[in-house]
Amino acid sequence: MRETPEELKELQALLEASLSRSTSHLRSIVTERTMTAGQLTRILTGMRVLALSTVTAKGEPRISGADGHFLHGKWHFGTARDAAKARHLAARPAASVAHLSGEDLGVFTHGTVEILNPLDGEPAADWPDLLAYLKDFYGDDGFDWHNDVVYYRLHPHWMTVYAPDVDKLIAASRS
């Protein structure tokens, strides 16, 4: 867990606001089967496979996989600079991601991406820290982290969590 108390407070407010703005159908499913920001950040450690949704120039939806890291209450993910999803996000930065773990966990997020390491501009202020985390996680065997890959942070405006057995997830995260 890397979140500050302020980041946890912001994430909790987002989770509550998102659920309150959801349809009655979604609330009927999720309200008694969700978790707090603190619980979520304890569970979402390491790399998590994301289903990333973008939109083409013609307005056609596209979905692909991405390695996701939930850090400081936000999803971070990368892709090759020449990938279709990189082109989509450069032109239309709205994105949705879902992380699903069987029937035990679903984290659904909508927001806008920020490019963390642009080729033609200054990187995000926290890019050095994120890069150190990524190199520690994936290894640093000569990969060109600046030119070969683009990393994003998804700034969420809506997020909800489905977790029918929070205690089971927390126990599994400890082992």
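K.L.:
Hey, could you run me through the packing of aromatic side chains in this one?
P.N.:
Within a pair of aromatic rings, the relevant descriptors are the distance that separates the centres and the angle that separates the planes. The tally for this structure, following the rule as stated, stands at 8 aromatic pairs. Measuring from centroid to centroid gives 5.0 Å for Phe70 and Trp75, while their planes differ by 65 degrees, and the two rings are edge-to-face. Trp75 carries the same exposure label as Phe70, and that label is buried. Geometrically, the ring pair formed by Tyr133 and Phe137 is stacked, given 6.3 Å between the ring centres and 20 degrees between the ring planes. In this pair, Tyr133 and Phe137 both sit in helix α5 (residues 127–138), 4 residues apart, roughly one turn of the helix. The class for Tyr133 is buried, based on a relative accessible area of 12%. When its relative accessible area of 39% is taken as the criterion, Phe137 is described as partly exposed. Members of the aromatic cluster, each reached through a chain of ring pairs, are Trp127, Tyr133, Phe137, Tyr138, Phe143, Trp145 and Tyr151.

The rules we used
Residues numbered from 1 in each chain as written. Predicted model: local features only at pLDDT ≥ 70, side-chain atom pairs only at ≥ 80, totals over all residues. Heavy atoms only, no water. Phe/Tyr/Trp six-rings, centres within 6.5 Å; stacked < 30°, edge-to-face > 60°. Buried < 20%, exposed > 50% of the residue type's maximum accessible area, 1.4 Å probe, protein only. Helix = DSSP H or I, 4+ residues; strand = E, 2+ residues; numbered from the N terminus.

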